[in-house]
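Chain residues, written in single-letter form:
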Amino acid sequence: MNPPVSVRNLSVAYHRKPVLREIDYDAPEGELIGIIGPNGAGKSTLIKAILGLLPLASGEVRIYGKPYAQQRQRIGYVPQRESVDWDFPTDALDVVMMGRYGKLGWFRRPKAEDRQIAMECLRKVGMEAFANRQISQLSGGQQQRVFLARALAQDAQIYFMDEPFAGVDAATEKAIIGVLNELKQQKKTVLVVHHDLQTVSEYFDSVLLLNMRVIAAGPTKEVFNAENLQKTYGGRLTILPGNSGLMVAR
């Protein structure tokens with residue numbers, strides 16, 4: 001069986017400056033996977049490289065054993081909220097409907113069934129009451145939930161989420177956790193760029209510790225420990241004594 005995501009010898013450079021070096025990684029199927037590392041470690045770059053949004057200096061990516069271009073419809077993506085133009089004149093329902101185009105094709109009109117699916121996805125993230133609201137009028141947390149609903153509408157097998165918890169309110173965090181758990185129950189594979197070390201053990205089945213290279217990867221209970229985190233963060237990591245957990249020194 002081919003893994004849902006397989007990366008071999010992947011390297012990425014910006015203006016000839018290496019950002020990722022010789023990444024080898026196989027994502028376990030049907031798990032919630034945290035991509036963990038310090039700022040500038042290449043976490044978002046890795047996702048964009050896998051999705052074909054950035055050129056590779058070397059290496060290859062396979063989705064269930066095939067090139068990404070052949071498996072595009074099996075993938076959902078939630079980008080960082082800061083990377084989206086929220087002034088675009090459209091409402092929440094239309095944004096979620098965009099997630100259906102992969103199933104429809106760009107030249108087929110959505111049907112009533114697609115609209116029902118989009119509304120159900122908004123309901124799952126607690127945003128059905130805002131279906132007709134312009135996205136520019138929504139709060140940051142609400143905007144994040146709309147993009148999460150759009151990804152759900154894609155009905156993908158693999159999801160990539162780039163810091164979905166960053167800067168959100170408690171209601172949005174609860175909605176995201178609910179969606180993650182539902183996707184796991186459906187045997188979906190979800191890779192999440194995440195920065196809050198306090199919640200890693202609670203949220204993720206496995207982790208990929210990254211700092212330009214793969215530092216460690218595997219089940220959270222085995223890999224997410226002080227030794228590997230010190231290798232990943234170096235002097236930017238402070239280990240708190242007792243049961244108080246971990247903290248990254250910014």
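Residues numbered from 1 in each chain as written. Predicted model: local features only at pLDDT ≥ 70, side-chain atom pairs only at ≥ 80, totals over all residues. Heavy atoms only, no water.

**Student:** Kindly report on the overall build of the protein, identifying the contributing residues and their values.
**Tutor:** For the protein, the count of helices and strands is nine helices and eleven strands. The long-range fraction of contacts in the protein, counting pairs at least 24 apart against all pairs at least 6 apart in sequence, stands at 66%. A total accessible area of about 12600 Å² is found for the protein, and carbon and sulfur atoms account for 48% of it. (Helix = DSSP H or I, 4+ residues; strand = E, 2+ residues; numbered from the N terminus. Contact = heavy atoms within 4.5 Å. Areas by Shrake-Rupley, 256 points an atom, 1.4 Å probe, with all protein chains shown as cover.)

**Student:** Break down the sheet that holds strand β6 (residues 158-162) for me, citing the residues and quoting the values.
**Tutor:** The six strands are arranged β5-β6-β7-β3-β8-β9 in an open sheet whose pairing can be described as mixed. For this open sheet the edge positions go to β5 (75-78) and β9 (213-219), each flanked by a neighbour on one side alone. In this sheet, neighbouring strand axes are inclined to one another by 15° on average, regardless of whether the strands run parallel or antiparallel. Bridge count for strand β3 (residues 32-36) against strand β8 (residues 206-211) is four bridges, and the pairing is parallel. Within β8, the position partnered with I35 by the bridge is L208. (Pairing = 2+ DSSP bridges. Axes fitted to C-alpha atoms, helices over the stretch in contact; angles between N-to-C directions.)

**Student:** Give a detailed account of the pattern of salt bridges, specifying residues and quantitative values.
**Tutor:** Here the structure, examined in full by the defined rule, presents nine salt bridges. Put simply, R100 and D114 hold a salt bridge, and the shortest N to O gap is 3.1 Å. Note that R100 is positioned in the loop between α2 (92-97) and α3 (101-104) and D114 in helix α4 (residues 112-124), a separation of 14 residues in sequence. For R100, a relative accessible area of 9% puts it in the buried group. K124 is the salt-bridge partner of E182, the closest N and O atoms lying 2.9 Å from each other. Of this pair, E182 sits in helix α6 (residues 170-185) while K124 sits in helix α4, and the two are 58 residues apart along the sequence. Assessed through its relative accessible area of 26%, E182 is described here as partly exposed. (Salt bridge = Lys/Arg side-chain N within 4 Å of Asp/Glu carboxyl O. Buried < 20%, exposed > 50% of the residue type's maximum accessible area, 1.4 Å probe, protein only.)

**Student:** Please provide a residue-by-residue account of unusual backbone geometry, values included.
**Tutor:** Phi angles above zero are rare outside glycine, and H15 is one such case at about 50°. Looking at the secondary structure, you find H15 in the loop between β1 (5-14) and β2 (17-27). Take H15: its relative accessible area is 84%, and that puts it in the exposed class. Of note in the backbone geometry, E22 takes a positive phi value of approximately 50° without being a glycine. As for its position among the elements, E22 is in strand β2.

**Student:** Give a detailed account of the sheet that holds strand β4 (residues 58-62), specifying residues and quantitative values.
**Tutor:** In spatial order, the strands read β2-β1-β4; together these three strands make up an open sheet with antiparallel pairing. Among the strands making up the open sheet, the edge pair consists of β2 and β4. Strand after strand, the sheet turns through a mean of 20° between neighbouring axes, direction not considered. Relative to β2, β1 runs antiparallel, the two sharing seven bridges.

**Student:** Can you break down the packing of helix α5 (residues 140-153) against α6 residue by residue, with the values?
**Tutor:** As a packed pair, α5 and α6 sit with axes 9 Å apart at the nearest point and diverge in direction by 15°. Considering their axes alone, α5 and α6 lie roughly parallel with respect to each other. Judged by the twist between their axes, the crossing of α5 over α6 is left-handed. On the side of α5, the interface is formed by G141, Q142, Q144, R145, L148 and L152, while α6 contributes A171, T172, A175, I176, V179 and L183. Looking at the contact of α5 with α6 residue by residue, the class counts come to seven nonpolar, four polar and one charged. (Parallel < 35°, antiparallel > 145°, perpendicular 65-115°, else oblique. Left-handed = near helix turned anticlockwise from the far one by under 90°. Nonpolar A, V, L, I, M, F, W, Y, C, P; charged D, E, K, R; others polar.)

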